[in-house]
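Below are the chains, spelled out letter by letter.
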Protein chains: 2
Amino acid sequence: MTDRFRVTYRIFAPDRAAAMLRAQGIALEQTVEIPREVVPRGFIEDVILGRVEDLGREGEGCFRATISYSPESCGAELPQLLNVIFGNSSIQKGIKVTGLELGPLAEVFAGPRFGIAGLRRLARTPAGPLIAPVLKPQGSSAERLAEIAYICARSGAHIVKEDHGLSDQPCAPFRERVDRITAAVARANAETGNACLYFAGLAGHSADLDGHAAHARAAGVDGLLVMPGLFGFDLVNRLARDKTLGLPIMTHPSFLGPYVLSGDTGFTHAMMFGTLQRLAGADISVFPNVGGRFGFSAQECTEIARACQDPGGIGPPMMPGPGGGMTPERADEMVAMYGPDTMFLLGGSLLRHGDAMGEVIADLRRRVTPRD
Amino acid sequence: MTDRFRVTYRIFAPDRAAAMLRAQGIALEQTVEIPREVVPRGFIEDVILGRVEDLGREGEGCFRATISYSPESCGAELPQLLNVIFGNSSIQKGIKVTGLELGPLAEVFAGPRFGIAGLRRLARTPAGPLIAPVLKPQGSSAERLAEIAYICARSGAHIVKEDHGLSDQPCAPFRERVDRITAAVARANAETGNACLYFAGLAGHSADLDGHAAHARAAGVDGLLVMPGLFGFDLVNRLARDKTLGLPIMTHPSFLGPYVLSGDTGFTHAMMFGTLQRLAGADISVFPNVGGRFGFSAQECTEIARACQDPGGIGPPMMPGPGGGMTPERADEMVAMYGPDTMFLLGGSLLRHGDAMGEVIADLRRRVTPRD
């Protein structure tokens with residue numbers, strides 16, 4: 001049926017009959033949450049109740065169930081869509097969300113506003129990967145962070161992005177920081193003729209975020225970094241839909257780890273750091289690169305990138321933003337792995353180079369820029 | 001040191017030296033997120049950088065590390081406090097958060113506004129557990145939900161609570177539902193002389209929530225049900241701090257499962273459904289009872305209840321709200337397990353009784369009401 005959206009779950013069960021029982025349990029749990037025999041006849045049974053559309057075997061003790069739901073369950077609200085996809089079932093072991101087909105909801109959830117093409121236009125970089133050093137550490141003054149931003153932008157960074165831990169702290173309050181860093185990046189851009197973009201880390205009390213975002217926009221920020229794990233995915237969606245704001249959104253994985261770290265609960269890496277970010281409307285999804293201190297495998301990272309870049313996904317393709325491990329020596333290998341439609345974060349190890357930080361960035365930019 | 005807050009982590013590592021390295025890694029990761037050797041001297045190294053205060057052995061391959069952080073890392077913001085406690089470390093396997101001592105932040109995070117005592121005052125029930133049937137299923141009209149609410153309130157429910165899946169759907173939009181149900185509960189209360197409380201499920205687009213909450217307050221709602229897993233913990237905090245709103249908050253565990261289901265990531269059950277809810281300012285924390293379809297153990301449930309009710313916790317004690325399994329036959333056993341300062345949810349199985357639903361509630365209320 002095309003009037004329903006579909007969610008695919010990996011279900012761990014000893015045999016097909018047990019898997020079917022679990023699938024039917026999910027269909028109840030995620031909608032009516034009452035025993036099957038008391039589901040009211042008519043609209044609730046026929047439309048609202050989840051429907052097991054398909055059940056296939058994935059491997060030993062492992063099945064793939066597709067369950068369809070009515071848009072009437074969630075309307076146009078992202079939190080309620082997530083609630084229907086996995087709200088209560090997230091509390092049961094042996095269920096992992098592996099896929100989402102929006103069906104009729106594709107009209108409601110348009111995905112990234114800017115996407116890869118929009119980011120390239122803003123950064124005036126029609127081809128090749130984007131290099132994105134991170135402004136840190138926490139505890140630095142706004143003045144110091146602006147100095148680092150200037151060095152990075154001056155040296156050829158495509159994007160400078162704030163560390164997700166900068167928040168709205170006394171030593172570098174959000175608004176002061178944003179004012180200083182936009183000025184520093186604008187000065188560098190005036191000197192180089194480049195269009196380095198500055199993404200400010202949106203943080204504070206939840207009631208202050210819209211005001212902060214408007215301030216950032218007025219100050220000349222080019223994009224916002226948002227943590228859906230801490231503020232909810234609907235913050236991403238709200239900002240992405242806001243035409244007055246009109247800024248691209250980069251999402252950060254803080255606090256989202258437990259959704260992917262366990263084999264038998266949560267989401268696949270591709271769903272969490274690709275599909276869900278794109279569904280919310282993010283334009284870039286940051287995640288930990290293989291080989292660093294987070295333990296994601298090359299396959300998990302490649303699958304995330306594919307979910308971000310897939311032309312058949314939700315809305316226009318978005319950029320994966322792997323963090324960690326990018327050095328001039330590894331540039332070729334990493335571009336080969338992720339493809340050119342990727343933003344490579346340069347994290348804390350950049351600070352090891354001290355005053356030579358700019359040279360590393362310049363070297364990297366040369367290496368990743370396609371030769372005509 | 002009393003000027004820092006402390007977080008306790010369970011760390012999985014082969015030996016003490018490896019555990020110490022991981023603890024030091026967390027102290028870096030959760031604050032400066034740069035290599036140790038480039039942490040700037042002075043304020044950042046001395047104050048901002050996390051500090052390993054203690055490391056003890058918990059068992060084979062399992063250690064307990066206490067790390068202290070400066071309030072300067074998070075200021076007065078709950079999202080940033082959670083970011084410092086577990087933001088990036090949530091993405092590393094083998095780390096589980098087991099404890100939080102607010103220290104100087106106790107002044108900032110006052111915990112539940114109402115707590116057990118406040119709820120008892122509102123419900124005019126000075127002793128004994130509270131009985132709380134759930135209004136469902138999704139797909140029902142506002143009129144039908146109001147009928148069920150009336151039956152429940154008329155029969156002696158202390159609280160009627162909306163199902164977390166009702167949201168703001170076309171068949172029963174939030175504001176229409178709230179208007180009808182407050183009227184139905186008020187009518188029942190006028191007839192019985194009781195003070196049954198109605199908790200409405202706050203949902204919708206994130207930008208609509210404050211308006212919805214104000215509408216609910218004006219309509220005469222007694223409390224709000226909030227899902228921090230979908231909207232962020234700061235929504236709970238924002239509502240709890242809102243003196244004009246002045247409503248108690250009940251939190252629901254939707255979408256939070258992966259934080260507790262895995263042994264080597266996330267939070268303990270007591271931290272997630274006790275400490276964190278109390279930190280955010282919730283007055284009642286709903287969680288799945290032992291023996292139902294969610295697989296929580298009796299010990300996990302008891303630990304959640306203890307974290308909610310502990311007089312030494314954050315702010316005044318709050319009520320645990322175990323859901324599932326409560327029947328007249330099991331009432332004594334469940335009250336013995338959780339203690340009288342507990343709200344017992346009556347979920348979907350109540351609908352099995354059809355028109356006799358009210359009699360089950362009345363029977364339960366009689367059984368749990370202390371005899372003078």
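In this text, all values refer to a predicted model and were calculated from it rather than measured experimentally. (Residues numbered from 1 in each chain as written. Chains lettered and ligands numbered in written order. Predicted model: local features only at pLDDT ≥ 70, side-chain atom pairs only at ≥ 80, totals over all residues. Heavy atoms only, no water.)

1. Description of the sheet that holds strand 2 (residues 51–59) of chain A
Residues and elements named next belong to chain A. Taking strand neighbours across the sheet as the criterion, the four strands line up as 2-3-1-4 in an open arrangement whose pairing is antiparallel. Each having just a single partner strand, strand 2 and strand 4 (95–101) make up the two edges of the open sheet. The mean inter-strand angle of the sheet, taken between neighbouring strand axes irrespective of direction, is 20 degrees. In this structure, strand 2 lies alongside strand 3 (residues 62–69), joined through seven bridges in antiparallel fashion. Paired with Arg57 across the strands is Phe63, a residue of strand 3. Sheet strands in contact with helix 3 (residues 78–86) are strand 1 (5–12), strand 3 and strand 4, and its direction is about 40 degrees off that of strand 1. (Pairing = 2+ DSSP bridges. Helix = DSSP H or I, 4+ residues; strand = E, 2+ residues; numbered from the N terminus. Axes fitted to C-alpha atoms, helices over the stretch in contact; angles between N-to-C directions. Contact = heavy atoms within 4.5 Å.)

2. What to know about the pattern of salt bridges
If you walk through the whole model with that rule in mind, you get 36 salt bridges over all chains. With a shortest N-O distance of 3.9 Å, Glu60(A) and Arg57(A) are connected by a salt bridge. With relative accessibility at 75%, the residue Glu60(A) sits in the exposed group. Between Glu58(B) and Arg10(B) there is a salt bridge, and its shortest N-O distance comes to 2.7 Å. Placement of the pair is Glu58(B) in strand 2 (residues 51–59) and Arg10(B) in strand 1 (residues 5–12), with a sequence separation of 48 residues. By relative accessible area, Glu58(B) is classed as partly exposed at 34%. When its relative accessible area of 24% is taken as the criterion, Arg10(B) is described as partly exposed. What emerges from the salt-bridge pattern is a single network uniting Glu29(A), Glu33(A), Lys136(B), Asp163(B) and Arg293(B). (Salt bridge = Lys/Arg side-chain N within 4 Å of Asp/Glu carboxyl O. Buried < 20%, exposed > 50% of the residue type's maximum accessible area, 1.4 Å probe, protein only.)

3. Regarding the relation of the copies chain A and chain B
Copies of the same chain, two in number, are related to each other by a rotation about an axis and a translation along it. Take chain A, turn it by 180 degrees, move it 0.0 Å along the axis, and it overlays chain B with an RMSD of 0.0 Å. Expressed as an axis order, the relation between the two copies is that of a two-fold axis. Taking C-alpha positions as the reference, the residue of chain A nearest the rotation axis is Gly232(A), at 2.4 Å. A shared binding surface is used by both copies, with 99% of the interface residues of chain A retained as interface residues in chain B. (Least-squares fit on C-alpha atoms with pLDDT ≥ 70 in both.)

4. What about helix 14 (residues 357–368) of chain A?
Residues and elements named next belong to chain A. With 12 residues, helix 14 should reach 16 Å at 1.5 Å per residue; the first-to-last C-alpha distance of 17 Å fits that figure. Within the span of helix 14, buried status applies to Met357, Gly358, Val360, Ile361, Leu364 and Val368. The buried residues of helix 14 occupy an angular sector of 160 degrees when the element is viewed end-on, so they sit on one face. Pointing more than 90 degrees away from the buried face of helix 14 are the exposed residues Glu359 and Arg366. The inward-facing, buried residues of helix 14 contact strand 5 (130–135), helix 5 (142–154), helix 13 (331–338) and strand 12 (343–346). (Expected span 1.5 Å × (residues − 1). Arc of directions from axis to C-beta.)

5. A look at the domain arrangement of chain A
Residues and elements named next belong to chain A. Examined at the domain level, chain A breaks down into domain 1 (5–107) and domain 2 (115–368). For domain 1 and domain 2, the distance between their C-alpha centroids amounts to 33 Å. Contacts between domain 1 and domain 2 engage 19 residues on the former and 19 residues on the latter. Where domain 1 packs against domain 2, one counts zero salt bridges. Where domain 1 touches domain 2, the interface holds seven residue pairs in polar contact (both at pLDDT 80 or more). Every element with two or more residues in the side of domain 1 that touches domain 2 is listed here: strand 1, helix 3 and strand 4. Residue composition of the side of domain 1 that touches domain 2, by class: 12 nonpolar, four polar and three charged. (Domains from an automatic or database assignment. Polar contact = N/O pair within 3.5 Å; in protein donor to acceptor, adjacent residues only side chain to side chain. Nonpolar A, V, L, I, M, F, W, Y, C, P; charged D, E, K, R; others polar.)

6. Regarding the nonpolar core
By size, the foremost hydrophobic cluster in this structure holds 226 residues, and its most contacted members are Leu224(A) and Leu224(B). Not counting chain neighbours up to four residues away, the residues in contact with Leu224(A) comprise Phe199(A), Ala200(A), Leu202(A), Ala213(A), Ala216(A), Leu239(A), Leu245(A), Leu247(A), Pro248(A), Ile249(A) and Met250(A). (Core = buried A, V, L, I, M, F, W, Y, C linked by side-chain atoms within 4.5 Å.)

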